Amino acid sequence: MTTRMSFRQNDSVLVLWDVDHTLIETRGVGRASFAAAFEDVTSRTLERMPQITGRTEPDIYAAAAALHDIDRPPLFPVFAESLAAAYIERQEQLREQGRVMPGAEEALEHLATIKGIRQSVLTGNTRRVTRIKLETFGLHKHLDLATGAYGDDDRHRPALVPIAQARASNDGEFGQHNTVLIGDSLGDIETARQGGARVIAVAAGGTAAADLETADAVLSDLTDAAGIEHLIRALARG
């Protein structure tokens, strides 16, 4: 675990978790669900998938449509509804084929017991798909999914940070100094920097630790729950 800086102490800290490759992996079920929904609404087979890391679902859908020369794809809410249905149809497959990332459940459970730490999500997934994914693995019970921010809130991912802060705040309680985003990619770091949050990067989702060094801190995984709590507090201290 490496830490680059520390910040002002604050009684309350908003922790925003990325979902895919940070808390869970769908291991192919996500792509299959996207492909099924894409074909359902466009009547076209998904032949090429755009780069998806660090992007919102509306952005990915628009990029996929462009790759298939679809000038006027059905509106995103139509696709989002089909995508949620595709995940529901494959939920048992997701449970069997996907996985919770090492230490994720224990970290969520531990932080849920700590006074002053509020946990939600910041994800490019839609709200409905996020809930399906987390409920499949029982992780939803540790998170306040009524707050947080989702891909169907704004196509531009950094814009999700102030949305989540506003939903969780009373009179501007949460800002850059006491919001911590935990993610696995350079896109998560960019989201935090542009959106106004501290960021912890976890090098367990496919991006090497050396490539994540612009984060405020880098973890190899989520297996040290007490250490993660300490790090979150350190990032809100100064």
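The structure we're discussing is the one just above.
Think of each chain on its own: its residues are numbered from 1, step by step along the sequence as written. Under the rules for a predicted model, residues below a pLDDT of 70 receive no local features and side-chain atom pairs below 80 are neither given nor counted, while totals for whole chains, interfaces and linings still include all residues. As a rule here, side-chain values cover all heavy atoms of the structure and leave hydrogens and water aside.

Caption draft 1: Seen up close, the nonpolar core. Core analysis: the largest hydrophobic core is formed by 34 residues, its most contacted members being Trp17, Leu23, Leu134, Leu143, Ile182, Ile200 and Ile232. In this text, helices come from DSSP runs of H or I with a minimum length of four residues, and strands from runs of E with a minimum of two, each type numbered from the N-terminal end. When residues of this core are traced back to their parent elements, those giving at least two are strand E2 (13-17), helix H5 (104-112), strand E5 (117-121), strand E6 (179-183), strand E7 (198-202), strand E8 (217-219) and helix H9 (225-235). Ignoring any residue separated from it by four or fewer positions in sequence, one finds Ile232 in contact with Val13, Val15, Leu111, Ile117, Val180, Ile182 and Ile200. For this analysis, a nonpolar core means a set of buried residues of the types Ala, Val, Leu, Ile, Met, Phe, Trp, Tyr and Cys, connected via side-chain atoms within 4.5 Å. Whether a residue is buried, partly exposed or exposed follows from its accessible area with a 1.4 Å probe, protein chains only, as a fraction of its type maximum: under 20%, in between, or over 50%, in that order. Counting 19 residues, the second-largest nonpolar core is a separate cluster that includes Ile60, Ala84, Tyr87 and Val129. Only heavy atoms enter the contact rule, under which two residues are in contact if any of them lie within 4.5 Å.

Caption draft 2: How the structure looks around the pairing of E7. Burial of E7 is extensive: 5 of the 5 residues sit out of reach of the surface. Neither face of E7 is exposed, since Arg198, Ile200 and Val202 on one face and Val199 and Ala201 on the opposite face are all buried. Think of it this way: DSSP has to see at least two bridges between two strands before they count as a pair. As judged from the 4 bridges shared by E6 and E7, these two strands associate in the parallel manner. Opposite Gly183, over in E7, you have Ala201 as the bridge partner. Each parallel crossover has a hand, and for E6 linked through helix H8 (residues 186-195) to E7 it is right-handed. Here 3 bridges tie E7 to E8, and the two strands are oriented parallel to one another. Across the sheet, Ala201 pairs through a bridge with Val218, a residue of E8. For a crossover, the right-handed case is the one in which the path from the first strand over the helix to the second runs clockwise, viewed with the strands pointing away from the viewer.

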